[in-house]
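Residues per chain are reported as follows:
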Amino acid sequence: MQRFKKIFSIAVVLLGILPFTASADITPIPIHFTVVTNDAILFDADITVSECFDTETGTTTSVNAFCAIEQTASTSLWTLATTWYSFGRSLDGINTYTADFVNNRYWIYYTDGAPGFTSLNTHTLTEGEHLTLAYGINPLRITAASSSP
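Reading the values: the criteria
- Residues numbered from 1 in each chain as written.
- Predicted model: local features only at pLDDT ≥ 70, side-chain atom pairs only at ≥ 80, totals over all residues.
- Heavy atoms only, no water.
- Core = buried A, V, L, I, M, F, W, Y, C linked by side-chain atoms within 4.5 Å.
- Buried < 20%, exposed > 50% of the residue type's maximum accessible area, 1.4 Å probe, protein only.
- Helix = DSSP H or I, 4+ residues; strand = E, 2+ residues; numbered from the N terminus.
- Contact = heavy atoms within 4.5 Å.
- Salt bridge = Lys/Arg side-chain N within 4 Å of Asp/Glu carboxyl O.

Chemist: Looking at this structure, I do not really get the nonpolar core. What am I missing?
Modeler: Within soluble globular proteins, side chains that are nonpolar tend to cluster in buried spots. Within the largest apolar cluster, 26 residues are counted, with the highest numbers of intra-cluster contacts made by Ile31, Phe33, Leu125 and Leu133. Going through the elements one at a time, β1 (29–36), β2 (41–49), α2 (65–76), β6 (88–94), β8 (105–111) and β10 (130–137) are the ones with two or more residues in this core. With 6 residues, the single largest contributor to this core is α2. When neighbours within four sequence positions are excluded, leucine 125 is seen to be in contact with Ile29, Ile31, Val49, Val63, Asn64, Ala65, Ala68 and Leu131.

Structure, rendered in structure tokens:
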């Protein structure tokens, strides 16, 4: 009995230390993905996005907006620059389109036309979603009232 307790205690400690990859073979999600800058359309096509790591430590996975960026970057031969913050992963650059906060130039995303409100790695994609990644000067989108100018 004493030996069982010792083995059980060691197993519990090891399970607490070892990283887990929580993957339940998540089904890829079909979306429409557009990447635009102030002077070019870098990508505009229907794609199917597979799961990727959604944490800096790489312990869990999901099908999120950053998966779409990474997978498109891989096939389009883009160079990505990213930073992990306490709130999530930030896109700092694609090739020469890099964040310039002094001049209010940075990457922002829209989902079905609405601005994203979470980090890219925490935005879970839904089937048929229109994901737009835009680089330019803020504000990137202005809507005027239709009833009176």
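Chemist: Explain the pattern of salt bridges to me, please; I cannot follow it from the model alone.
Modeler: The final tally for this structure, using the stated rule, is 1 salt bridge. Of the charged contacts, one joins glutamate 70 and arginine 89 as a salt bridge, the two residues approaching to 2.8 Å between their closest N and O atoms. Taken together, the residues span a long stretch of sequence, with glutamate 70 in helix α2 and arginine 89 in strand β6 at a distance of 19 residues. Residue class for arginine 89 comes out buried when judged on its relative accessible area of 15%.

Chemist: Explain the environment of glycine 113 to me, please; I cannot follow it from the model alone.
Modeler: Its location among the elements puts glycine 113 in the loop between β8 and β9 (114–115). Along the primary structure glycine 113 and threonine 132 are separated by 19 residues, whereas in three dimensions their C-alpha atoms are 7.8 Å apart.

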